[in-house]
Amino acid sequence: MAVQKNKTLGEFIIENQSEFQYSSGELSRLINSIRLAAKVVNHEVNKAGLVDIIGQAGEVNVQGEDQQKLDVFANETFIKTLTNREIVCGIASEEEEDFITIQGRNGQNENKYVVLIDPLDGSSNIDVNVSVGTIFSIYRRVTPAGTPVTLEDFLQPGKRQVAAGYIIYGTSTMIVYTTGHGVNGFTLNPALGTYYLSHPNMCFPKDGKIYSVNEGNYVHFPQGIKDYIKYCQKEEDDRPYTSRYIGSLVSDVHRNMIKGGIYIYPNTSKDPKGKLRLLYECNPMAFLIEQAGGQASDGYRRILDIEPKTLHQRTPFIGGSATMVEKAEYFMGLYPQSEG
Ligand code: AHG
Ligand code: MN
Ligand code: MN
């Protein structure tokens, strides 16, 4: 695919529509809606320091974590935008216990896609003016069009995703997405409200020097991860590596994709299945990472091969530059896999 740099996201979507295997305008309309919702959320995130929007909303989400106001706002904005435009038949969100069925205005919804979303990722960073993000994952439904969606439509392995992406609300706002033909990044010009293709064909460097992990949990990590961290810190060849951890999966992976690096959120004795959610955090990030030439694993197997069992399932996650992920898997492989 020849990519030109001065293109807008709108132009890019139209030009690359035919590349998409099902070649319907439906997916393009869907990405367009995400782009629109992202602008609204971006505006609100940018205002966070100015208005009384930061802080707890006083509710606890289905994960048992405190919900902050912008989580609620982002969740509602994405759901409303996708529902009103009737371009998907179902939505699952980190902030909703059950999936949402979109019936359509006259009870008939012929749309073929479901969206799974982490509306605001890295939410503990909001009130300290540090980058947050949105993650989305798109599948074709497996049940017949025109009928209400079922759990089966959402519980598909990551390798069946037709598109995935993230929005990063950082020093600039970007949308980075894939439809299975590489990864492209678009930066918002806030003065015009237009996203421009700024990062065509994003590629994970094969190797890197950055490792990103919450080392505060070190004592609770599996032995293989402890060994890998010691390997990263050893003075040998091009090591020790640099440690960088923002605490926002989107931002940490985005940086590593550009500079080369590995992101790790292992299972711990406190969270024996890991912390991150498979369906709307790990799968979309894994799809992007692989499309950019990197790898994503739970330490023993490819993330995209995992057969999901529940909507809010968690998994250990190791993703980034291929050589680094292979090395981490090597250390994990020295020990038997715990049951979790
Ligand atoms: P969310 O804000 O959607 O709950 O996700 C936070 C996730 C992820 O983005 C981040 O990398 C990780 O949790 C940070 O966890 P720790 O604070 O335990 O390191
Ligand atoms: Mn998250
Ligand atoms: Mn979230």
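Residues numbered from 1 in each chain as written. Chains lettered and ligands numbered in written order. Predicted model: local features only at pLDDT ≥ 70, side-chain atom pairs only at ≥ 80, totals over all residues. Heavy atoms only, no water.

To continue, consider the packing of aromatic side chains. Describing an aromatic ring pair means giving the distance of the ring centres and the angle of the ring planes. The final tally for this structure, using the stated rule, is 12 aromatic pairs. Between Tyr-228 and Phe-331, the ring centres sit 6.3 Å apart and the planes meet at 55°, which makes this aromatic pair tilted. Here the residue Tyr-228 occupies a position in helix H5 (residues 223-233), and Phe-331 occupies one in helix H8 (residues 322-332), the gap between them amounting to 103 residues. In this pair, the class of Tyr-228 matches that of Phe-331, namely buried. Between Tyr-231 and Tyr-241, the aromatic rings sit 6.5 Å apart at their centres with planes inclined by 75°, giving edge-to-face as the arrangement. (Phe/Tyr/Trp six-rings, centres within 6.5 Å; stacked < 30°, edge-to-face > 60°. Helix = DSSP H or I, 4+ residues; strand = E, 2+ residues; numbered from the N terminus. Buried < 20%, exposed > 50% of the residue type's maximum accessible area, 1.4 Å probe, protein only.)

Here the focus is the site of ligand 1. Among the 18 residues in the neighbourhood of ligand 1, the closest are listed as Asp-121, Gly-122, Tyr-245, Tyr-263 and Tyr-265. For ligand 1, an oxygen atom lies 2.9 Å from a polar atom in the backbone of Leu-249. Contact distances for ligand 1 include 2.6 Å between an oxygen atom and a side-chain N or O atom of Tyr-265. For ligand 1, whose free accessible area comes to 470 Å², the fraction covered by protein is 85%. Mapped onto the shell around ligand 1, the elements with two or more residues apiece are strand S5 (113-121) and strand S13 (261-265). When its residues are assigned to classes, the shell around ligand 1 shows 6 nonpolar, 5 polar and 7 charged. (Near = heavy atom within 4 Å. Polar contact = N/O pair within 3.5 Å; in protein donor to acceptor, adjacent residues only side chain to side chain. Areas by Shrake-Rupley, 256 points an atom, 1.4 Å probe, with all protein chains shown as cover. Nonpolar A, V, L, I, M, F, W, Y, C, P; charged D, E, K, R; others polar.)

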